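For reference, the chains in residue letters:
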Amino acid sequence: MNEENKKYYDAANEIVNDAAHKIGSRLPGSEGERKFHDYMADKLREIGIKPVKEEFAVSPRAGIGGLPYAGYFGVIMSILVYFALNNQFLWFLMAFAGLIFVFWLVSSCFLYRTWFDMFFPQKISQNTYGELLPEDGNYDYTIVLSGHTDTSWTWRHSEHSYRHKDKPIKGIIATYGKVGFGAVCVFLIVGISIAMAIIYGTQRFAITLGLDESGYSFTSEWAYNLYNWGHAITERASFKVFSVILYVLPIITAIGSCFVAMWNDPHEENASRGAMDNATGIGLSYAVIKYFKENPDKMPKNCRIIDLNCGSEEVGLRGSMAFAAEHKKDGMLDNCWNINIDSVADKDYFEVVIKDDWQMCRFDKDLEKMFKDTFSELQIESKTKGCIHNPVGGCDSTPMTRAGIKSVTFAAQNPVLTYYYHTWRDLPERFEPETVNLGFDVVLSVIDKIDKFQQQNGFNGVNN
């Protein structure tokens, strides 16, 4: 650690502690999130940087925040099975509802599309940013340091694994076991509804097109074959056995669906305190811009630096999406680099996130190399070998990359689901301040590399 940077280390860790203990949970669009934005705006004013606030609408329950709805849906579908066994037409309604449900789940919760937002209650979230210009006011490119201000609802199953914190494998099994069982149950009951609708639907469709209700007088051979296909299935002994099983199976799927329904703790007071995720990113972004504000001679040549505090990341990257959409065409993001900082707390897991697998977005290779070289220079050893793909969800680098910005996400976080990830146990007491301090040194070193790259090569666009 560089003792000359101690005041900036302290500035970052002060924000982490204040966010977790003085402000607390900061769900998307909540009063806690607004308080943290006001807090960071005051911090920027303290160092002579004017904060800019940009509000946007967000539907917290349209995406990840609405995962409990999947559990409720599974319970309702399980109950409806008993009615559908005596009324075949109900299978068609259940199948239609199941298809809509799967489309919502994939598009909103997995792919972070905004198509369903209009159907859910909206709140107002915001982005807050400040610009630091060179002393002469002229710049050729921009570096955006970003982190997200909001926190997640507590994931109950993860929090419950705290009792296994000394046996992480057992904790993982306990968490993934319940969630995995629940997910299988929800999709199973949807799949059964669709299958039953297809089987009975083929017969009804064939009757409509060429068969009378008594099963005679076909007007076309294919209608006859279609009817016989469905009829053959319903007459099989295995189908009759399955029909009997359907009197018991919904009880199991209803129980499993309850595990999904209880995934997010609905109470705001129980939400994550967000020390690691992501007060560390907010604190480091601020500490770095403060460093350059107070040391203008160390500013990258002809560079503007922006400290961006993104709102509502936890419900599908809404803040970074709004920022990219707002400024993509006004020139603000021309020749722009983005160091997105998200969760710097686990000292054995320093890493650069180079891809969001679910979002199918590969981040910038030039920045990837800069981070890997920095880890090597600072002799940082990581259990993830300094590089990971984000296997689920997404990070704020995705909207930035799609907007034509060179971006990666820097983290120091155990990528395995743990008792403190997205739970109220995400507190600063859990990790060492020195990890955040080292994160500051990493970001400064990468900015120095961007400066040298820019002077040698100019801006070459996203390299992915």
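Look up: the structure comes first, before these words.
Residues numbered from 1 in each chain as written. Predicted model: local features only at pLDDT ≥ 70, side-chain atom pairs only at ≥ 80, totals over all residues. Heavy atoms only, no water.

Caption draft 1: Focus on the side chain of S78. Note on placement: S78 falls in helix 3 (residues 67–84). Relative accessible area serves as the criterion here: at 1%, S78 is assigned to the buried category. Among the polar contacts made by the side chain of S78, one reaches the main-chain carbonyl oxygen of G74 at a distance of 2.7 Å. At a separation of 3.5 Å, a polar atom in the side chain of S78 contacts the main-chain amide nitrogen of A254. With residues near it in sequence (within four places) discarded, S78 still touches I189, P250, T253 and A254. (Helix = DSSP H or I, 4+ residues; strand = E, 2+ residues; numbered from the N terminus. Buried < 20%, exposed > 50% of the residue type's maximum accessible area, 1.4 Å probe, protein only. Polar contact = N/O pair within 3.5 Å; in protein donor to acceptor, adjacent residues only side chain to side chain. Contact = heavy atoms within 4.5 Å.)

Caption draft 2: Expanded view of unusual backbone geometry. A cis amide bond links D277 with the next residue in sequence, N278, at an omega value of 10 degrees. Relative to the assigned elements, N278 resides in helix 10 (residues 275–294). Residue N302 is not a glycine yet carries a positive backbone phi of 55 degrees. The residue N302 is located in the loop between helix 10 and strand 4 (303–310) in this model. Residue classification places N302 among the partly exposed positions, given a relative accessible area of 28%. A positive phi angle is found at M360, which is not glycine, with a value near 55 degrees.

Caption draft 3: Fine view of the pattern of salt bridges. A full pass over the atoms with the stated rule returns 22 salt bridges. One salt bridge connects K449 with E377, and the closest N-O pair in it is separated by 2.7 Å. Taken together, the positions of K449 in helix 14 (residues 433–457) and E377 in helix 12 (residues 365–377) put the pair 72 residues apart, joining distant regions of the chain. Linked by salt bridges that have partners in common, K7, K290 and E294 make up one network. (Salt bridge = Lys/Arg side-chain N within 4 Å of Asp/Glu carboxyl O.)

Caption draft 4: Layout of the side chain of Q413. On the secondary structure map, Q413 appears in the loop between strand 9 (406–412) and helix 14. Residue Q413 is classed as buried on the basis of its relative accessible area of 16%. Within the structure, Q413 has its side chain in polar contact with the side chain of S343 (distance 3.4 Å). Every residue in contact with Q413, bar those within four places of it in the chain, is listed here: M276, D342, S343, D346, Y349, E351 and Y421.

Caption draft 5: Expanded view of the pairing of strand 3 (residues 141–148). Burial analysis of strand 3 places 8 of its 8 residues in the buried class, the great majority of the element. The alternating pattern of strand 3 places Y141, I143, L145 and G147 and T142, V144, S146 and H148 on opposite faces, both of which are buried. Two strands pair when backbone bridges link them, and strand 3 and strand 5 (residues 336–344) are joined in this way by 5 bridges, in the parallel orientation. Residue pairing in the sheet places S146 in a bridge with N340 of strand 5. (Pairing = 2+ DSSP bridges.)

Caption draft 6: Layout of the environment of L367. Inspection of the secondary structure assignment puts L367 in helix 12. Taking relative accessible area as the criterion, L367 reaches 0% and is therefore assigned buried. Linking L367 and N338, residues 29 residues apart in sequence, is a C-alpha distance of 9.0 Å. Setting aside chain neighbours within four positions, we find L367 in contact with W337, N338, K406, S407, V408, V446 and I450.

Caption draft 7: Seen up close, helix 1 (residues 6–23). A rise of 1.5 Å per residue sets the reference length of helix 1, with its 18 residues, at 26 Å; its end C-alpha atoms lie 24 Å apart and thus fit the reference within 8%. Every buried residue of helix 1 is listed here: Y8, Y9, A11, A12, N13, I15, V16, D18, A19, A20 and I23. Against the buried residues of helix 1 lie helix 2 (31–46), helix 10 and helix 14. After helix 1 finishes, the residue G24 shows a positive phi value of roughly 85 degrees. (Expected span 1.5 Å × (residues − 1).)

Caption draft 8: Layout of the packing of aromatic side chains. Applying the stated criterion across every chain, the model contains 29 aromatic pairs. Arranged with centres 6.2 Å apart and planes meeting at 55 degrees, the rings of F371 and F375 form a pair that is tilted. One end of the pair is F371 and the other is F375, both in helix 12 and 4 residues apart, which spans about a single turn. Classification of F371 as buried rests on a relative accessible area of 0%. Among the aromatic residues, those joined into a cluster by ring pairs are Y69, Y72, F73, F101, W104 and F120. Stacked on the ring of W337, the Lys or Arg K406 has its end atom at 5.0 Å from the ring centre. Positioned above the aromatic ring of Y420, the side-chain terminus of R430 is 3.5 Å from the ring centre. (Phe/Tyr/Trp six-rings, centres within 6.5 Å; stacked < 30°, edge-to-face > 60°. Lys NZ or Arg CZ within 6 Å of the ring centre and 35° of its normal.)

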